[in-house]
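Structural description and commentary
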Amino acid sequence: QVQLVESGGGLVQAGGSLRLSCAASGRSFSNYVMGWFRQVPGKEREFVARITWNGGSTYYTDSVKGRFTISRDNAKMFLQMNNLKPEDTAVYYCAARRSIYYYENPEEYDYWGQGTQVTVSS
């Protein structure tokens, strides 16, 4: 069983930066595709970014391209968020699935963290 734990959320002013981390307990997730999603109350969970098992391929939703960077090592995944905007405010979740392929649909992921709140003030 893979357990994921996010950290690094918080309150920041527009234009600021945050770095989210996702740590896996129980095992290495070197053979897992990993993703970041976010959700605001009353809306569906939204894809933000994903990275393949070996870090060779990354993909971002259009609204964060050029501002967010996803990365990973064998123990953790990261989301560097720069030039944050109020519309980035959400609970951010990390997710994982044991696969050499890649997915943007949250229903394709098997493991989820508990979420970390990111609030961007204007």
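A few points on the structure. As the structure is a prediction and not an experimental result, all values here were calculated from the model.

**Examining unusual backbone geometry**
- One non-glycine residue, Asn83, adopts positive backbone phi at about 50°.
- With respect to the secondary-structure elements, Asn83 resides in the loop between β8 (76–81) and β9 (90–98).

**With respect to the pairing of strand β3 (residues 18–25)**
- Where strand β1 (residues 3–7) and β3 come together, 5 bridges link them in antiparallel fashion. What sits directly across from Leu4, in β3, is Ala24.
- Examined bridge by bridge, β3 and β8 share 6 bridges and lie antiparallel to one another. By the bridge assignment, Cys22 is partnered in β8 with Met77.

**Quick look at the environment of Ser99**
- Following the sequence through the fold, Ser99 ends up in the loop between β9 and β10 (111–112).
- A C-alpha to C-alpha distance of 19 Å links Ser99 and Phe78, two positions 21 residues apart in sequence.
- Of note is the side chain of Ser99, whose polar atom sits 2.9 Å from the backbone nitrogen of Tyr101.
- There is a polar contact of 3.1 Å between the side chain of Ser99 and the side chain of Tyr103.

**Notes on the packing of aromatic side chains**
- Enumeration over the complete set of coordinates arrives at 8 aromatic pairs.
- Each ring, one from Phe37 and one from Tyr109, has its centre 5.3 Å from the other, and the planes form 75°; the classification is edge-to-face. Taken together, the residues Phe37 in strand β4 (residues 32–39) and Tyr109 in the loop between β9 and β10 connect sequence positions 72 residues apart. Note on accessibility: Phe37 and Tyr109 belong to one class, buried.
- Using a relative accessible area of 0% as the deciding quantity, one classes Phe37 as buried.
- Taken together, the aromatic side chains of Phe37, Phe47, Tyr59, Tyr93, Tyr103, Tyr109 and Trp112 make up a single cluster linked through ring pairs.
- In this structure, Arg19 is placed above the aromatic ring of Phe78, and the distance from its NZ or CZ to the ring centre is 4.0 Å.
- When the ring centre of Tyr93 is taken as reference, the NZ or CZ atom of Arg45 above it lies at 3.7 Å.

Each value, and the rule that gives it
Residues numbered from 1 in each chain as written. Predicted model: local features only at pLDDT ≥ 70, side-chain atom pairs only at ≥ 80, totals over all residues. Heavy atoms only, no water. Helix = DSSP H or I, 4+ residues; strand = E, 2+ residues; numbered from the N terminus. Pairing = 2+ DSSP bridges. Polar contact = N/O pair within 3.5 Å; in protein donor to acceptor, adjacent residues only side chain to side chain. Phe/Tyr/Trp six-rings, centres within 6.5 Å; stacked < 30°, edge-to-face > 60°. Buried < 20%, exposed > 50% of the residue type's maximum accessible area, 1.4 Å probe, protein only. Lys NZ or Arg CZ within 6 Å of the ring centre and 35° of its normal.

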